[in-house]
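Understanding the architecture of this molecule
If you want the building blocks of each chain, they are given just below.
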Amino acid sequence: MDKSMLGDLDNLPEEDKLRMSSMIDQLQIRDSLRMYNSLVERCFNDCVETFRRKTLDKQEETCVKRCAEKFLKHSMRVGLRFAELNQGASTPD
């Protein structure tokens, strides 16, 4: 966890800081799993058309790779934009 997130919590007892740190870690793990599950579900629904084989055919495999790349690029861009907005909001005018 990023320790700067706890910067405003300096006045809390150490036990409370540890509890907050644990809660933040759990939320980050939950959000990562949600993103992964969303990626898998979206790409599977968009790309897999039949269940005739145990493996993906070449077209499905290409579709899944392209879908995953787009999803991850989009997620990274949203994260960067959020950070830009957050940084702009925290600087005094």
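Looking at an unreviewed UniProt entry, the protein carries the name Mitochondrial import inner membrane translocase subunit, with the source organism given as Nepenthes gracilis. In its Sequence similarities (unreviewed entry) section, the UniProt record describing the protein reads: "Belongs to the small Tim family." In its Subcellular location (unreviewed entry) section, the UniProt record describing the protein reads: "Mitochondrion inner membrane".

On to the environment of cysteine 43. Along the chain, cysteine 43 falls in helix α1 (residues 14–47). Note: C-alpha distance between cysteine 43 and cysteine 63 (20 residues apart in sequence) is 7.8 Å. Dropping the residues within four chain positions of it, cysteine 43 is found in contact with Val48, Val64, Cys67 and Ala68.

Scanning the model with the defined rule gives one aromatic pair in all. Pairing phenylalanine 44 with phenylalanine 51 gives two aromatic rings, centres 6.0 Å apart and planes at 40°, and the pair type is tilted. We classify phenylalanine 44 as partly exposed; its relative accessible area is 39%.

Conventions used here
For every chain, the first residue of the written sequence is number 1, and numbering continues from 1 along that sequence. The model is predicted, so local features are restricted to residues of pLDDT at least 70 and side-chain atom pairs to those at 80 or more, both for listing and for counting; the totals for chains, interfaces and linings are taken over all residues. Where side-chain values are given, they derive from all heavy atoms of the structure, hydrogens and water being excluded. UniProt positions are given in the numbering used here, feature names are shortened, and annotations may be inferred rather than shown by experiment. For the purposes of this entry, the term helix denotes a DSSP run of H or I that reaches at least four residues, the term strand denotes a run of E that reaches at least two, and both are numbered from the N terminus. Contact between two residues is taken to exist if any of their heavy atoms lie within 4.5 Å; hydrogens are not considered. Classification of ring pairs rests on two measures: the distance between centres of Phe, Tyr or Trp rings, Trp counted by its six-membered ring, which must be within 6.5 Å, and the angle between planes, read as stacked under 30 degrees, edge-to-face over 60 and tilted in between. Each residue's exposure class comes from its accessible area (1.4 Å probe, protein chains only) as a fraction of the maximum for that residue type: buried when under 20%, exposed when over 50%, partly exposed otherwise.

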